[in-house]
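Spelled out from the first residue to the last, the chains are:
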Amino acid sequence: YTENKELLHNAYNFQFLRADELTPALIRDTVEEWEATEAWPSWSFSNHDVRRAVTRWGGQDGGEALAKQLLTLLCCLRGTVFLYQGDELGLPQAELAFEDLRDPEAIRFWPEDLGRDGARTPMPWTANAPHAGFTTGQPWMKVEKRHKLLAAYDQNVDQQSVLHHAKEVIELRRKSEALRIGSIAFDDAEDQLLCFTRQLGDERLWCVFNLSVERVRLKTRRGLTIRPPSTGSALEGQDIVLAPHAALIAQPMP
């Protein structure tokens, strides 16, 4: 669809949506495959046909830290970003009883296949409102109890929330030409670290992600300035200490 300039400029792709594990190799191999073509890539981690990324890639170890990391990673990749509704709130896959299912596929293959309904439940706007403020009528599916605790209104007034972080990351990308249209180059890194540089002209950003649930120490000879909205990362001398699911955006010093 996009292999030459006479075809489409962009095509929605499924590489990350079909992946059950998030690894540095998955990100690097997928991005570099697209970089080898003339196509402009597009990226999405969730949609209405797959389990939400926080659950698919994090399981019980997911949560807020992983949700923030995924938002940062998505907005740091070279290409067009598709952000699925609810990911800006860090919503996990909803758990539904059999009687609450609407997806024919889920009903047919219950309980071996839980289907797609868990990613299609109503958007939670206000925790204490009926149906979490989604409608004054009767929604087609119930609002999951955990989702009410992540309602948009409550997150909007919390400076530490996933929603606030999503706004910060989107704003950083909007202001940074390196993130929007710059080049991307990956570093060789050990273990579960993903490292790459985004650059356009004199603007250069180094992006590091700890994709593990372990604390990691990374030695670097670069002089760095950590940029917000980095999460779970700190400089200790010449080392970078990364908490589980940390995301670092740093500006190398001249």
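Everything here concerns the structure above.
Residues numbered from 1 in each chain as written. Predicted model: local features only at pLDDT ≥ 70, side-chain atom pairs only at ≥ 80, totals over all residues. Heavy atoms only, no water.

Novice: How would you explain the pattern of salt bridges if you had to name every residue and give the values?
Specialist: Considering all chains together, one arrives at 16 salt bridges under this definition. The residue Asp188 makes a salt bridge to Arg28 at a minimum N-O spacing of 2.8 Å. Of this pair, Asp188 sits in the loop between strand S3 (183–186) and strand S4 (193–200) while Arg28 sits in helix H1 (residues 24–35), and the two are 160 residues apart along the sequence. Residue Arg28 is classed as partly exposed on the basis of its relative accessible area of 23%. A salt bridge links Glu171 to Lys175; its shortest N-O distance comes to 3.5 Å. Taken together, the residues Glu171 and Lys175, both in helix H7 (residues 162–175) and four residues apart, mark about one turn of the helix. By relative accessible area, Glu171 is classed as partly exposed at 30%. Take Lys175: its relative accessible area is 61%, and that puts it in the exposed class. Each of Asp49, Asp103, Arg116 and Arg120 takes part in a single network of salt bridges with overlapping partners. (Salt bridge = Lys/Arg side-chain N within 4 Å of Asp/Glu carboxyl O. Helix = DSSP H or I, 4+ residues; strand = E, 2+ residues; numbered from the N terminus. Buried < 20%, exposed > 50% of the residue type's maximum accessible area, 1.4 Å probe, protein only.)

Novice: Quick one: what's the story with the packing of aromatic side chains, residue by residue and with numbers?
Specialist: Applying the stated rule across the entire model yields 10 aromatic pairs. Judged by centre distance (5.2 Å) and plane angle (75°), the rings of Tyr12 and Phe82 are edge-to-face. Residue Tyr12 is located in the segment before H1, and its partner Phe82 is located in the loop between strand S2 (80–81) and helix H4 (104–109); the two are separated by 70 residues in the primary sequence. Phe82 sits in the partly exposed class, given a relative accessible area of 36%. A connected cluster of aromatic rings, assembled from ring pairs, spans Phe16, Trp34, Trp43, Phe45 and Trp57. Directly above the aromatic system of Trp57 lies the positively charged group of Arg56, at a separation of 4.8 Å from the ring centroid. Over the ring of Phe109 we find Arg108; its NZ or CZ atom is 5.0 Å from the centre of that ring. (Phe/Tyr/Trp six-rings, centres within 6.5 Å; stacked < 30°, edge-to-face > 60°. Lys NZ or Arg CZ within 6 Å of the ring centre and 35° of its normal.)

Novice: For the packing of helix H3 (residues 64–76) against H7, give the residues involved together with the corresponding values.
Specialist: Between H3 and H7, the least distance of the axes is 10 Å, while the angle of their chain directions is 15°. Of the possible angle classes, the one that applies to H3 and H7 is roughly parallel. Two packed elements cross with a definite hand, and for H3 against H7 that hand is right-handed. For the pair formed by H3 and H7, the contact residues are Glu64, Ala67, Lys68, Leu71, Thr72, Leu74, Cys75 and Cys76 on the first element and Val162, His165, Ala166, Val169, Ile170 and Arg173 on the second. The residue inventory of the contact of H3 with H7, partitioned by class, reads nine nonpolar, two polar and three charged. (Axes fitted to C-alpha atoms, helices over the stretch in contact; angles between N-to-C directions. Parallel < 35°, antiparallel > 145°, perpendicular 65-115°, else oblique. Left-handed = near helix turned anticlockwise from the far one by under 90°. Contact = heavy atoms within 4.5 Å. Nonpolar A, V, L, I, M, F, W, Y, C, P; charged D, E, K, R; others polar.)

Novice: Pulling in residues and values, what's your account of the nonpolar core?
Specialist: Buried together is how nonpolar side chains tend to be arranged in soluble globular proteins. With 35 residues, the main nonpolar core has Ile27, Phe45, Leu77, Phe196 and Phe209 as its most contacted residues. Looking at this core, the elements that each hand over two or more residues are H1, helix H2 (53–58), H3, H7, S3, S4, strand S5 (203–210) and strand S8 (239–252). The greatest single-element share of this core, amounting to seven residues, is contributed by H3. Among residues more than four places away in sequence, those in contact with Phe209 are Gln69, Thr72, Leu73, Cys76, Gln192, Leu193, Leu194, Phe196, Ala246 and Ala247. With 12 residues, the next largest nonpolar core counts Leu193, Cys195, Val208 and Leu248 among its residues. (Core = buried A, V, L, I, M, F, W, Y, C linked by side-chain atoms within 4.5 Å.)

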